[in-house]
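Given next are the chains, with one letter for each unit.
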Amino acid sequence: MHTLLVARTVRGLEPLVAEEIGGAVRHRHREVWFRRTVPDAGVLGLRTADDVLLAAAVAGRIGHTKAALTRLRAAAREVDAAAVVALKAAFGGSPEVKGVDVSASFLGRRTFTRYDIEDAVGAELAGRLGVPYHSRRHGPPPPCTLSWRVSVEGDEAVIGLRIADRPLHRRPYKIATVPGTLHPPVAAAMARLAGLERARSVLDPCCGAGTTLIEARASAPSPRYLGADLSPEAVRVAAGNTADADRIGWLVADAGRVPLPAGSVDVVLVNPPWERQVAAGGLLSADHDRLWRELRRVLTPQGRVVALLPDAVEPPGFAVDRAIRLSLMGRHPAIAVLSPPARRGSGR
Ligand SMILES: C[S@@+](CC[C@H](N)C(=O)[O-])C[C@H]1O[C@@H](n2cnc3c(N)ncnc32)[C@H](O)[C@@H]1O
């Protein structure tokens, strides 16, 4: 049996999510569609995806008018909802059926709202399962409901059921957080781009809640990881988010004067404090470029930096080997893979 699944993604990460999945049927806006021939609980271990859904129905000829609601209602009525719930359990989700909620999104102008879609589809699915429907018009649904999702792009809609009880991007390890903390799938994408297989030492000099290194260690357990932050509170939070301290350490330090010898770090993962939410402090407050000088100092000759940057500027002392532009909460930062320019063209 071929099961069609939909991975939801941050805009811009679709190709990296497809790479982690190991092949995609197609990409849509913030979606990667893929297939599994046997139920595979491993899909819940995807780190670059925001969420994973079982595709229960794909409907065409949606259009831009309220006639779309009739089409979507009919598509939902055709869904064998009990069979989809059984498949959810086979993929590692809970078989519990206490109620139904739906969240919907669409691209382009339409003469209906997301709530109109949610209510049309939700009432049908809840009716088929014989459980209550909880409309999001009245706020978030109660816990333990089956979360369905409808996304419409152009004339095509997909109705899917979330496999996990909560979105995959909500990591259980993140028990505490700091302002400006990174979205875990973005941190996981940074780790993938860094190619950590051969790294021995990885540094985040502005680690905040520790997201970059915790995600990196989950995919590459062998390097030694060191996270530093100017804020003792951030370091306390990062340590609290790491239940097991194996190969990962945290310390209070200024990224303008990293307490490490020159040439000792293979990879830096960093989300510097240049954005509106977090101000640069300490030695970086008067001179942002000091961060890049310090990173050049601590990197090994073959070292590289993967940074989340607010714009496409090339940090001083580095060349951009690759940049991936994202759309994230109304902003458009880029993940940049940086290397010291002297190395470029040297056959690396
Ligand atoms: C955007 S946040 C990093 C968030 C982190 N990636 C996470 O997932 O939680 C930037 C961090 O830089 C820290 N910071 C600001 N100035 C610093 C400095 N001079 N040295 C080290 N850390 C600094 C802030 O305390 C903040 O935690």
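In this report, the structure presented in the accompanying data block is examined. (Residues numbered from 1 in each chain as written. Predicted model: local features only at pLDDT ≥ 70, side-chain atom pairs only at ≥ 80, totals over all residues.)

Focus on the packing of helix α2 (residues 67-78) against helix α4 (residues 114-129)
Inclusion rule: Simply put, an axis is a line fit to the C-alpha atoms, just over the touching stretch for a helix, and the angle between two N-to-C directions goes from 0 to 180 degrees. Labels follow the DSSP assignment, with helices taken as runs of H or I lasting at least four residues and strands as runs of E lasting at least two, numbered in each case from the N terminus. Working rule for angles: under 35 degrees goes down as roughly parallel, over 145 as roughly antiparallel, 65 to 115 as roughly perpendicular, anything else as oblique. With the far helix as reference, a near helix turned anticlockwise by less than a right angle produces a left-handed crossing, and one turned clockwise produces a right-handed crossing. This entry defines residue contacts through backbone-placed C-beta atoms, with two residues in contact when those atoms are within 7 Å. Put simply, Ala, Val, Leu, Ile, Met, Phe, Trp, Tyr, Cys and Pro go in the nonpolar bin, Asp, Glu, Lys and Arg in the charged bin, and everything else, Gly too, in the polar bin.
Contact geometry for α2 and α4: axes closest at 8 Å, N-to-C directions at 25°. Relative to α4, the element α2 lies roughly parallel. The interaxial crossing formed by α2 with α4 has right-handed handedness. Facing Leu69, Leu72, Arg73, Ala76 and Arg77 of α2, the residues of α4 in contact are Asp116, Ile117, Ala120, Val121, Glu124 and Leu125. Here the residues of the contact of α2 with α4 sort into 7 nonpolar, no polar and 4 charged.

Here's the deal with the site of the ligand
Inclusion rule: For each residue, a C-beta atom is placed from the backbone, and the residue is labelled near a molecule or strand when this atom is within 6 Å of it.
As a structural note, the neighbourhood of the ligand is formed by 26 residues, with Thr181, Leu182, Cys206, Gly208 and Thr211 the closest of them. Per-class residue counts for the shell around the ligand are 14 nonpolar, 10 polar and 2 charged.

Focus: the packing of helix α5 (residues 184-194) against helix α6 (residues 211-219)
For the pair α5 and α6, interaxial distance at closest approach is 8 Å and the crossing angle is 55°. Of the possible angle classes, the one that applies to α5 and α6 is oblique. In this structure, α5 meets α6 at a crossing whose hand is right-handed. Taking contact as the criterion, the partners of Pro184, Ala187, Ala188, Met190, Ala191 and Arg192 in α5 are, on α6, Thr211, Thr212, Glu215, Ala216 and Ser219. Of the residues in the contact of α5 with α6, the class split is 6 nonpolar, 3 polar and 2 charged.

Quick look at the sheet that holds strand β6 (residues 146-153)
Our working definition: Strands are labelled as partners when DSSP assigns at least two bridges between them.
Taken in spatial order, the 7 strands of this open sheet run β2-β3-β1-β4-β7-β6-β5, and their pairing is mixed. With partners counted over all chains shown, the strands left at the sheet margins are β2 (26-28) and β5 (100-106), one partner each. Across this sheet, the average inter-strand angle for adjacent strands is 30°, counted without regard to direction. With 6 bridges connecting them, strand β4 (residues 51-59) and strand β7 (residues 156-162) associate as antiparallel partners. Each bridged residue has a counterpart across the sheet, and for Ala55 the counterpart in β7 is Gly160. Of the strands in this sheet, β4, β6 and β7 touch α2, which is tilted by about 110° from β4. In the packing of α4 onto the sheet, the strands contacted are β5, β6 and β7, and the crossing angle to β5 comes to about 145°.

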